[in-house]
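Residue-level listing of the chains:
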Number of protein chains: 2
Amino acid sequence: MGAIKNTQIVLANRPVADIDPKTTFKFQQVSLSDELGPNEILVKVLFISLDPAMRGWMRDVRSYIRPVRIDEVMRSADVAQVIKSNNPDYKVGDLVRATCGWQEYAVLKPSEDLVKIQSFPGVSPSTYLGVLGLTGLTAYFGLFEVGEIEKKGGPNCTVVVSGAAGATGSVAAQIAKHVFGCRVIGIAGSDDKCEYLVKELGLDVALNYKSKTFFKELTAATPKLIDIFFDNTGGDILDGCLRRIAFKGRIIVCGAISTYNEAVPKGPAYYSALITQRARMEGFIVFDYAEKYGKATADMSKWIKEGKLKSRETVIQGIENTPDALVRLFKGDNTGKMLVKVAEEESKSKL
Amino acid sequence: MGAIKNTQIVLANRPVADIDPKTTFKFQQVSLSDELGPNEILVKVLFISLDPAMRGWMRDVRSYIRPVRIDEVMRSADVAQVIKSNNPDYKVGDLVRATCGWQEYAVLKPSEDLVKIQSFPGVSPSTYLGVLGLTGLTAYFGLFEVGEIEKKGGPNCTVVVSGAAGATGSVAAQIAKHVFGCRVIGIAGSDDKCEYLVKELGLDVALNYKSKTFFKELTAATPKLIDIFFDNTGGDILDGCLRRIAFKGRIIVCGAISTYNEAVPKGPAYYSALITQRARMEGFIVFDYAEKYGKATADMSKWIKEGKLKSRETVIQGIENTPDALVRLFKGDNTGKMLVKVAEEESKSKL
């Protein structure tokens, strides 16, 4: 029994535009009692997931989840390890996925949000924040539920994915390509990422949106227009894809990372293409499909085993670098899932 | 046998932004032979329909219909009267709805586009360009097919209609209110129009978007947020409604008249509300539902008889004023359907 020194990062100021790692967040050291109430567990955070959605959680606006409060620990999904347990379902050494936030330790009660996971050879527990976590499920439900890819997919279906080298985009692009056999064009922000998309992930075409001739290239790459656009970025890329949208095309509005740091974002000027092409633009939140997580995770695990789904991670070391890592996520420095590694998993025998 | 002097208005220059009645169009007098080929009819145009969509037809871009060519008679739907016939299905004196364009006379062959209509007491033939024409059908299919009002409608459903005093908006608002019993808020551009919406059409609330406190008023008028937004205007009104969109709300993108004259329109900055509210924005074109016109027209006629659907027209006299009338449509000078009256219907005995 005693107290643990716990480093936390709290939201200090709501950013108006860009996040400033120095003023937006504040570090604090608190003392966390390891005395547990009934069914509680004490966990040590191993990985923090960094997600574009975090920018929305910092805004004080009506959304799908309440804003993070000022002086509250910044919210995040994490992979953590049980180091003390007052709950027979969780043993010391077990790995869990939970919303611990940006801190080193947390005391958790059972909730929908606390899920036991397994580490096995070749699969890092961090995968449960990426392909096998909400990130992967987001790609899955966007394509299936909003894009209706089961109805529209196939070799005659052109799918464009923005943020295609990112955590969600890379999963969406691979499902469209390797599970449904669509013609898939990935959009990313560097030539290296584009090479990764074509050579490693097997997409048909990858386009660097920073190229001066990007819109020409997009036009050339979509001779039969765009049936499904899985959009993670918004901004000019969304506008360009609206100009190429096909009759009855679908725009899956998954994210709009290019606009999240703008006080008043620039909207899609060519949205009236929705009228002329009878197209649909629809947003979604992965949480709405919780009932179907089981089937989705089984499908995804199968596709990983079959080699249809590959993934990369960009791992930043040390909790002290978390604010910077978030800024780098918005700059597009990551390929695949952006994570902060806070601590090493320990073998059960050592705990 | 002989030739008729026919005044035509042709597209002279594609406008980049605003239409200039003096340079965008050109008047010409042509001589039209009244010798008819097999099954042809000669008609005299009585009414020209003016529609926001016309701005799109002047653009040289990929759309649902080919652009009007330079030096081609400007396209429009018209009500016309048969004055000579070589077709047993059409007698002299019959009224038709057809795409004659901006001219006094036309020779027509049977086509999908040529429809015989009836004039009866209390119903002007111009109604077939408004409530009983494509305008009314546009409101109908927007609500039914895109808005799924049969599933969502009822007293707990809040519907907002922009351009609510316009031809399509007024029909959409009345169907939502008097057929489905929704709470209906109409948005229009003058206090007179707002009075008309509440006192004559029976809407719950009408808001003048030119009011300085419009967004406050919109917020107050939608305490349960907006389940269905039938949008004819786009622009800031669309942005305001996105900020008030309800969970799983529907935005029926019917038109974007506020943006049609802009070279590069301002897109909806708050479209990312589609994500947080899992909302859908979808466009449509009435032509896609041609198979269902019969049922729709029967429903609409019934609602007119039951007093559920009222309509007004803004009628400009004289073909020479057609370009001006179109400019006035974009200024919002009309209440209800905007028409140009070209000629009087003549009694069959006189023809």
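Small disclaimer: the values here were computed from a predicted structure and weren't measured. Every chain's residues receive numbers from 1 upward, in the order its sequence appears when written. Whichever chain is written first becomes A and whichever ligand is written first becomes 1, with later ones labelled in order. Per-residue local features are limited, in this predicted model, to residues with pLDDT of at least 70; the limit for side-chain atom pairs, both in listing and counting, is 80 or more; totals at the level of whole chains, interfaces and linings are taken over all residues. Water and hydrogen atoms play no part in the side-chain values, which are based on all heavy atoms of the structure.

### Side note on the overall build of chain A
Then, in step 1: From N to C terminus, chain A includes ten helices and 15 strands.
Then, in step 2: We compute the radius of gyration from the C-alpha atoms alone; for a globule the expected value is 2.2 Å times N to the 0.38, where N is the number of residues. Relative to a compact globule of 351 residues, whose C-alpha radius of gyration would be 20 Å, chain A shows 21 Å and is just as compact.
Then, in step 3: By its C-alpha atoms, chain A is 65 × 45 × 35 Å across when sized along the principal axes.
Then, in step 4: Exposed residues in this analysis have more than 50% of their type's maximum accessible area, buried residues have under 20%, and partly exposed residues fall in between, with area computed by a 1.4 Å probe over protein chains only. Each of the 351 residues in chain A was classed as buried or not, and the buried ones make up 58%.
Then, in step 5: Residue exposure ignores everything except the shown protein chains as possible cover, and the areas themselves are Shrake-Rupley values with a 1.4 Å probe. Counting every atom, chain A has about 14,800 Å² of accessible surface; 51% of that belongs to carbon and sulfur.
Then, in step 6: In chain A, 46 positive and 41 negative side-chain charges are present, and the distance between their average locations comes to 5 Å. Helical segments are the DSSP runs of H or I of at least four residues, strand segments are the runs of E of at least two, and each set is numbered from the N terminus. This count recognises Lys and Arg as positive and Asp and Glu as negative, with His and chain-terminal groups excluded. Charge placement uses NZ in Lys and CZ in Arg. For Asp and Glu, CG and CD serve respectively.

### Some remarks on the side chain of D239(A)
All names here are of chain A.
Then, in step 1: For D239, the position within the fold is in helix α7 (residues 235-243).
Then, in step 2: Among buried charged residues, D239 stands out as having no salt bridge; its nearest opposite-charge side chain is K266, 4.8 Å away.
Then, in step 3: Pairs of residues are marked as contacts when any of their non-hydrogen atoms sit within 4.5 Å. Setting aside chain neighbours within four positions, we find D239 in contact with G267, P268, A269 and Y270. Within this document, salt bridges are pairs made up of a side-chain nitrogen of Lys or Arg and a carboxyl oxygen of Asp or Glu, the two lying within 4 Å of each other.

### Topic: the relation of the copies chain A and chain B
Then, in step 1: Of the transformation superimposing chain A on chain B, the axial component is 0.0 Å and the angular component is 180°, with the fit at an RMSD of 0.1 Å. The two molecules are tied by a two-fold rotation axis, judged by turn and shift. No C-alpha of chain A lies nearer the rotation axis than that of G267(A), which sits 2.0 Å from it.
Then, in step 2: The fraction of interface residues of chain A whose copies in chain B are also interface residues reaches 98%, indicating that both copies meet through the same surface. Least squares is used to superpose the copies, and the fit set is the C-alpha atoms of residues whose pLDDT is at least 70 in both copies.

### Some words on unusual backbone geometry
All names here are of chain A.
Then, in step 1: Although it is not a glycine, N39 sits at a positive phi angle of roughly 65°.
Then, in step 2: Here N39 shows up in the loop between β2 (25-33) and β3 (41-50).
Then, in step 3: Positive phi is not limited to glycine here, since D71 has a value of about 70°.
Then, in step 4: Mapping D71 onto the fold places it in the loop between α1 (54-57) and β4 (78-85).
Then, in step 5: With relative accessibility at 46%, the residue D71 sits in the partly exposed group.

### Description of the side chain of K44(A)
Residues and elements named next belong to chain A.
Then, in step 1: One can find K44 in strand β3.
Then, in step 2: Under the rule applied, a polar contact is a pair of N or O atoms within 3.5 Å (in protein, one hydrogen donor and one hydrogen acceptor; residues adjacent in sequence only if both atoms are side-chain atoms). Here E346 takes part through its side chain, which lies 2.7 Å from a polar atom of the side chain of K44.
Then, in step 3: Residue contacts for K44: discarding those within four places in its chain leaves A80, Q81, I83, E104, Y105, A343, E344 and E346.

### What to know about the domain arrangement of chain A
All names here are of chain A.
Then, in step 1: Looking at chain A, the domain boundaries give domain 1 (3-129 + 311-350) and domain 2 (134-289 + 297-304).
Then, in step 2: Domain start and stop positions are those given by an automatic or database domain assignment. Computed over C-alpha atoms only, the centres of domain 1 and domain 2 are separated by 28 Å.
Then, in step 3: Summed over both partners, buried area is the accessible surface (1.4 Å probe) that two parts give up on being assembled. Carbon and sulfur atoms make up 53% of the surface buried where domain 1 meets domain 2, a total of about 1,500 Å² over both sides.
Then, in step 4: When the buried area of domain 1 at its contact with domain 2 is split by residue, Y64, R312 and F330 rank highest and sum to 26% of it.
Then, in step 5: For the interface between domain 1 and domain 2, the tally reads one salt bridge.
Then, in step 6: For R312, the salt bridge goes to E200, with nearest N and O atoms at 2.4 Å.
Then, in step 7: Across the contact surface, domain 1 and domain 2 share nine residue pairs in polar contact (both at pLDDT 80 or more).
Then, in step 8: In this classification, the charged set is Asp, Glu, Lys and Arg, the nonpolar set is Ala, Val, Leu, Ile, Met, Phe, Trp, Tyr, Cys and Pro, and all remaining amino acids, among them Gly, are polar. Per-class residue counts for the side of domain 1 that touches domain 2 are nine nonpolar, five polar and six charged.

### Topic: the interface of chain A and chain B
Then, in step 1: Taken together, the contact pairs 41 residues of chain A with 40 residues of chain B.
Then, in step 2: Summing both sides of the interface, chain A and chain B together bury roughly 3,100 Å²; the carbon and sulfur share of this comes to 53%.
Then, in step 3: Taken together, chain A and chain B are joined by four salt bridges.
Then, in step 4: The salt bridge involving R278(A) is made with D288(B); its shortest N-O contact spans 2.6 Å.
Then, in step 5: If you look at where chain A meets chain B, you find 13 residue pairs in polar contact (both at pLDDT 80 or more).
Then, in step 6: If you list the elements that add at least two residues to the side of chain A that touches chain B, you get α7, β12 (245-253), α8 (273-276) and β13 (280-283) of chain A.
Then, in step 7: Grouping the constituent residues of the side of chain A that touches chain B by class yields 24 nonpolar, eight polar and nine charged.
Then, in step 8: Note that β13(A) and strand β13 (residues 280-283) of chain B share three bridges and pair antiparallel. Bridge pairing in β13(B) places R280(A) opposite E282(B). Here, a strand pair is defined by DSSP locating no fewer than two bridges between the strands.

### Observations regarding helix α4 (residues 167-179) of chain A
All names here are of chain A.
Then, in step 1: The end-to-end C-alpha separation of α4 is 18 Å, in line with the 18 Å expected for 13 residues at 1.5 Å each.
Then, in step 2: In terms of burial, α4 is a largely internal element, eleven of the 13 residues being buried.
Then, in step 3: When α4 is considered as a whole, its buried residues turn out to be A167, T168, G169, S170, V171, A172, A173, Q174, I175, A176 and K177.
Then, in step 4: Positive phi shows up at G181, right after α4, with a value of about 65°. A helix is expected to reach a length of 1.5 Å times the quantity of its residues less one.

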